[in-house]
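Here are the chains, one letter per residue:
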Amino acid sequence: MAQHRQRHRKPKGRPIDGWLIIDKPTAIGSTDVVAICKRSFQAQKCGHGGTLDPLATGVLPIAFGAATKTVPYVMDGTKQYRFTLKLGEARDSDDADGAVIGTSDVRPTDDQIRTALPAFIGDIMQVPPIYSAIKVAGERAYDLARAGEQVELAPRPARVDRFELIERPDADTAVFFVESGKGVYMRSLARDIAKACGSVGHIAALRRMRVGPFLEKDAVPLDRIAVSGDTPPPSPDLLLPVTTALADIPALALTEAETARLSFGQPIPLVELMGRVPREANPDGGLARAMAGGRLMGLARFEDGLLKPERWLGQGGS
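The shown structure was predicted, so the numbers you read here are calculated from the model rather than taken from an experiment.

Definitions and cut-offs
Residues numbered from 1 in each chain as written. Predicted model: local features only at pLDDT ≥ 70, side-chain atom pairs only at ≥ 80, totals over all residues. Heavy atoms only, no water. Buried < 20%, exposed > 50% of the residue type's maximum accessible area, 1.4 Å probe, protein only. Helix = DSSP H or I, 4+ residues; strand = E, 2+ residues; numbered from the N terminus. Arc of directions from axis to C-beta. UniProt positions renumbered as here; feature names shortened; annotations may be inferred. 1 Å grid on protein atoms, 1.4 Å probe; cavity = no way out; pocket = protein on both sides within 12 Å on 5 of 7 lines; lining within 4 Å. Points joined across faces, edges and corners; volume = space filled by probe spheres on them. Nonpolar A, V, L, I, M, F, W, Y, C, P; charged D, E, K, R; others polar.

## Here's the deal with helix α7 (residues 256-263)
Reasoning step 1: If you check which residues of α7 are buried, you get Glu258, Thr259 and Leu262. Buried residues of α7, seen end-on, are gathered within an arc of 95 degrees and therefore sit on one face of the element.

In structure tokens form, the structure reads like this:
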């Protein structure tokens, strides 16, 4: 009986829906930021849209309530980064937080760096850092590395759309801009571009400037969110609507009856939606935002002449 009561216990916290874009400071992990935001807003449900290393700063999207269901679509979006490469020292973590494992006296010229860059643009294969969350035989790579075990990670496909040298403060440092897809490790790019230039190196500073539709200008400093003592919780007005995460997905206006059919898992023939399918929508496997009365009800996919429910948000996002 106690188990039965526990199953139906009301979740703790306030039912808040939306996105909060945090400008993450250094020396704190992404999960710690989530914990601070959840506590500050006294929220029932909270998660993040893409991990940032403790060393990194910048755009960390925090999802509340219904927004957590849209996290995968944010993580699939375009990312933009700026990082500083420190030449001459290889580190076991491929960033400044690691131990030195190699040195080099080679300092490539700007031209040598620019000549090496095209090999890292487009669809590439990339070996992740050993201090990453990738699982090896059921264990996280970083746990194995911290335990002193030898970690061998296989190359993985990655997509890099832009990789540019934007500044060279001195011979030991080079600053880069990167635009990439999902799952690209900046630490690996830093390590590999140094190696391609005949040297070794690691990331000394890293800032993320964009995650999907969320930009640096949207970001709020973490200390503006953190509360202590009798400080009132921050205003929910700081949150962006759930639909912001899906801004790049075409919107499709549906009737209440049509959204009800989709919510029960029933596909809708596209012939019934003639004249309403957005021009930019891909009828062969593309996604659409299912909208009813201006509310986001969920995501649906065009497939085999049908509109099929992909991800449903229940009562509609804000």
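Resuming the write-up.
## Overview of unusual backbone geometry
Reasoning step 1: Within the chain, Ala27 stands out as a residue other than glycine whose phi angle is a positive 65 degrees.
Reasoning step 2: Tracing the chain through its elements places Ala27 in the loop between β1 (18-24) and α2 (30-41).
Reasoning step 3: Despite not being glycine, Gln42 shows a phi value in the positive range, around 50 degrees.
Reasoning step 4: Among the secondary structure elements, Gln42 is positioned in the loop between α2 and β2 (46-48).

## Here we look at the UniProt feature "domain: tRNA pseudouridine synthase II TruB subfamily 1 C-terminal" (unreviewed entry) in the protein
Reasoning step 1: UniProt records the feature "domain: tRNA pseudouridine synthase II TruB subfamily 1 C-terminal" (unreviewed entry) at residues 250-311, using the numbering of this structure.
Reasoning step 2: Its end C-alpha atoms 15 Å apart, residues 250-311 is made of 13% helix and 42% strand.

## Describing the layout of surface pockets
Reasoning step 1: By volume, the largest pocket amounts to about 1,200 Å³.
Reasoning step 2: Broken down by secondary-structure element, the contributors of at least two residues to the lining of the largest pocket are α2, β4 (79-87), α5 (141-146), β10 (156-170), α6 (186-196) and β12 (201-211).
Reasoning step 3: Grouping the constituent residues of the lining of the largest pocket by class yields 16 nonpolar, twelve polar and ten charged.
Reasoning step 4: Reported here for the second largest pocket is a volume of approximately 270 Å³.
Reasoning step 5: In terms of lining, the second largest pocket is formed by 17 residues, of which the most central are Asp94, Ile101, Ile130, Arg191 and Lys195.
Reasoning step 6: Within the residue set of the lining of the second largest pocket, elements represented by two or more residues are β5 (89-91) and α6.
Reasoning step 7: A breakdown of the residues in the lining of the second largest pocket according to their chemical character gives nine nonpolar, two polar and six charged.

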